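# Notes for the structure review
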Amino acid sequence: MGLLEGKVAIVTGAGGGIGRAQALLFAREGARVVVNDLGCARDGTGASHEAADAVVGAIGDFGGQAVANYDSVATVEGAARLVQTAVESFQAVHILVNNAGILRDKSLLKMDEGTFDEVLAVHLKGAFFCTQAFAKQVVRQGGGGRVVMTTSVSGMLGNFGQANFSAAKAGVYGLTRTAAIELQKHRITVNALAPIAKTRMTEDLPMFQGIDSLTPDHIAPAALFLASDLCGDRTGHVMACAGARLYAFKVVETPGRFKDADNGIWTAQEIASHWDALVKV
Ligand code: NAD
């Protein structure tokens, strides 16, 4: 029996790259899948049904069940229709993978407001809209659910030329943590993936030239784990995946130091002289 037998899963941005690999694997594991994709270019421009339809066709080819949805995740209405597609087609929804994304790299000094906003709209607001619409439905139907967010090494550590993308993905981390806390009482787990894979989003980067060991197929099983009952009640985690390497990101709070004198008010000079002790893990 497949790991997702009886489950209904939404995968956003599933027309290509990592989302496509996730949708195919989920369907092979028995899930009925809503394949969402706007069918846009890497920078978010344009729209087409082709990509989502092709993945639905590929799932049908091996006897799996899937329907397409072409809405943008970046609007409240799009996210609502996405969840509605799942409920109308399969009567329920149990899993949401927030994977859709676009890229508009520019250095911070050259980035305009539109370039910043568009990237945040898809990655961060899109993840919020879809998670909220999904969670409302899961609360209505009962029985719990699973959300898999998609953050990035760029969001967790920063990266040159990605002020918009790293801010969006760091926001997805914050959203993951808060959603995990708030949705726990409804038995909805919320975890995030930080993938590295050769897709149309990354294929022109120097680090991927001549490399075939960092594929979307390496990422999909990590999403499957987080979406399945194997994940148990683990929630609020960030699992990173790059080819054969699996690891985790954790934000660390250091013990720091307390000051006794002067009502506990540190001077800037004291902070400078105690810096190493304050940041020591
Ligand atoms: P991709 O470009 O192959 O796939 C992204 C998909 O999202 C596309 O099919 C696109 O049409 C769809 N999409 C874009 N905007 C949409 C919208 N508003 N609504 C619905 N669909 C939309 O890229 P990928 O590498 O597979 O990326 C998948 C996710 O992984 C993204 O969130 C990306 O930021 C993240 N990520 C990827 C890498 C990597 O190394 N590939 C690294 C870090 C994070």
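The text that follows walks through the structure, step by step, so that each part is easy to find. Every chain is numbered independently, its residues counted from 1 as its sequence is written. Reporting of local features is limited, given that this is a predicted model, to residues whose pLDDT is at least 70; pairs of side-chain atoms are given and counted only at 80 or more, and all residues count toward the totals for whole chains, interfaces and linings. The side-chain numbers reported here are obtained from all heavy atoms of the structure, hydrogens and water having been left aside.

With that settled, consider the overall build of the protein. Helix and strand labels come from DSSP, where a helix needs a run of H or I of at least four residues and a strand needs a run of E of at least two; each type is numbered from the N terminus. Assigned secondary structure in the protein consists of eight helices and eight strands. Its C-alpha atoms give the protein a radius of gyration of 20 Å, within 12% of the compact-globule value 19 Å for 281 residues. Principal-axis analysis of the C-alpha atoms places the extent of the protein at approximately 70 × 40 × 35 Å. By the burial criterion, 47% of the 281 residues in the protein qualify as buried. A separation of at least 24 residues holds for 68% of the contacts in the protein among residues at least 6 apart in sequence. Calculation of accessible area relied on Shrake-Rupley with a 1.4 Å probe; when residues are assessed, cover is drawn exclusively from the protein chains displayed. With an accessible surface of roughly 14100 Å², the protein has 54% of that area assigned to carbon and sulfur atoms. For a compact globule the rule gives 2.2 Å times the number of residues to the power 0.38, and the radius of gyration it is set against comes from C-alpha atoms. Working definition: with a 1.4 Å probe on protein chains only, accessible area under 20% of the residue-type maximum means buried, over 50% means exposed, and in between means partly exposed. Residues count as neighbours in contact if any of their non-hydrogen atoms are within 4.5 Å of one another.

Moving on to the sheet that holds strand S3 (residues 65-69). DSSP bridges decide pairing: two strands pair if at least two such bridges lie between them. Spatially, S3-S2-S1-S4-S5-S6-S7-S8 is the arrangement adopted by the eight strands of the open sheet, whose pairing is mixed. Looking at the sheet topology across the chains shown, the edges are occupied by S3 and strand S8 (245-249). Geometrically, the sheet is characterised by an average inter-axis angle of 20 degrees between neighbouring strands, direction not taken into account. Taken together, the four bridges between strand S1 (residues 8-11) and strand S2 (residues 32-36) define a ladder with parallel strand orientation. Its bridge partner being in S2, Val 8 is matched across the sheet by Arg 32. Along the sheet, helix H2 (residues 50-61) contacts S2 and S3; its crossing angle with S3, the most-contacted strand, is approximately 175 degrees. To obtain each axis, a line is fitted to C-alpha atoms, and for helices this fit is confined to the stretch in contact; angles are then taken between N-to-C directions over 0 to 180 degrees. With respect to the sheet, helix H4 (residues 113-141) is in contact with strand S4 (95-97), strand S5 (145-150) and strand S6 (188-196), its orientation differing from that of S5 by roughly 175 degrees.

Now for empty space enclosed by the protein. Cavity means a closed set of points on a 1 Å grid over the protein atoms alone, one where a 1.4 Å probe fits but cannot get out, pocket means an open set with protein on both sides within 12 Å along at least 5 of 7 lines, and lining means a residue has an atom within 4 Å of a point. Grid points are joined across faces, edges and corners, and a volume is the space filled by probe spheres set on the points. Evaluation of the coordinates by the stated rule reveals two cavities of 30 Å³ or more. The calculated volume of the largest cavity comes to roughly 60 Å³. Lining of the largest cavity is provided by 13 residues; of these, Asn 98, Ala 100, Val 122, His 123 and Ala 127 occupy positions nearest its centre. At the level of elements, H4, S5 and helix H6 (163-183) are the ones that each hand at least two residues to the lining of the largest cavity. Considering every element that reaches the lining of the largest cavity, the biggest residue donor is H4, with five residues. Side-chain classes are defined by residue name, with Ala, Val, Leu, Ile, Met, Phe, Trp, Tyr, Cys and Pro counting as nonpolar, Asp, Glu, Lys and Arg as charged, and the others, Gly among them, as polar. For the lining of the largest cavity, a count of residues per class yields seven nonpolar, five polar and one charged. The computed volume of the second largest cavity comes to approximately 30 Å³. Mapped onto the lining of the second largest cavity, the elements with two or more residues apiece are helix H1 (17-28) and S6. For the lining of the second largest cavity, the residue count by class is four nonpolar, three polar and no charged.

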